[in-house]
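Listed here are the chains, written in short residue letters.
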Amino acid sequence: DAPAAEINFELLREMRDRERLLERERREAQRRLEEEERKRRQEEAAEAVRLRAEAEAAAQVVQGLSGPVTVEDAMMQAAVRMVNERAQQALKPKQETPEQKADREKKDKAL
């Protein structure tokens, strides 16, 4: 019913709209890929910074350590630690249970 020229223009318009839509979708997909790539690079950079900081912290810990420890040194440190713990225990007041307190008071009265 419509003239041929009008049909051609309608077809051209539809084709152009379809091409524009495809181009828009292609650009959106490209933008998403670029955004994902940017995020991935940021995450990699953050991970590299974190790993570098951990390595520096570990290096500082290693520098702070004394030289190799011999078995004798380890045993001496353990013995000193035990003596210190016993001394600390001796300084603490003893905690009496009610039964122990009653027994002690009975013995004190008996004297």
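These notes cover the structure that comes with them. What you are looking at is a predicted structure, and each value in this text was computed from that prediction instead of being measured.

### A few points about the overall build of the protein
Here comes step 1: A count of helices and strands for the protein gives three helices and zero strands.
Here comes step 2: The secondary structure elements of the protein, listed N-terminal to C-terminal, are α-α-α.
Here comes step 3: The C-alpha atoms of the protein give a radius of gyration of 41 Å, which is well past the 13 Å a tight globule of 111 residues would have.
Here comes step 4: For the C-alpha atoms alone, the extent of the protein along its principal axes is close to 130 × 45 × 15 Å.
Here comes step 5: When the 111 residues of the protein are sorted by exposure, 0% land in the buried category.

### Some points on the pattern of salt bridges
Here comes step 1: What the rule picks out here adds up to eleven salt bridges.
Here comes step 2: Residue Glu 37 is joined to Arg 40 by a salt bridge in which the shortest nitrogen-to-oxygen separation is 2.3 Å. In this pair, Glu 37 and Arg 40 both sit in helix 1 (residues 4-64), three residues apart, roughly one turn of the helix.
Here comes step 3: Arg 40 is paired through a salt bridge with Glu 44; the nearest N and O atoms lie 2.4 Å apart. Placement of the pair is Arg 40 and Glu 44 together in helix 1, with a separation of four residues, close to one helical turn.
Here comes step 4: Overall, Arg 40 belongs to the partly exposed group, its relative accessible area being 36%.
Here comes step 5: The exposure class of Glu 44 is partly exposed, given its relative accessible area of 43%.

### Concerning a nonpolar patch on the surface
Here comes step 1: A contiguous nonpolar surface patch, about 320 Å² in accessible area, is contributed by Phe 9, Leu 12 and Met 15.
Here comes step 2: Summarising the element assignment, Met 15 is placed in helix 1.

About the cut-offs
Residues numbered from 1 in each chain as written. Predicted model: local features only at pLDDT ≥ 70, side-chain atom pairs only at ≥ 80, totals over all residues. Heavy atoms only, no water. Helix = DSSP H or I, 4+ residues; strand = E, 2+ residues; numbered from the N terminus. Rg over C-alpha atoms; globule rule 2.2 N^0.38 Å. Buried < 20%, exposed > 50% of the residue type's maximum accessible area, 1.4 Å probe, protein only. Salt bridge = Lys/Arg side-chain N within 4 Å of Asp/Glu carboxyl O. Patch = residues over 30% accessible without salt bridge, like charges linked within 9 Å, V, L, I, M, F, W, Y side chains within 5 Å. Areas by Shrake-Rupley, 256 points an atom, 1.4 Å probe, with all protein chains shown as cover.

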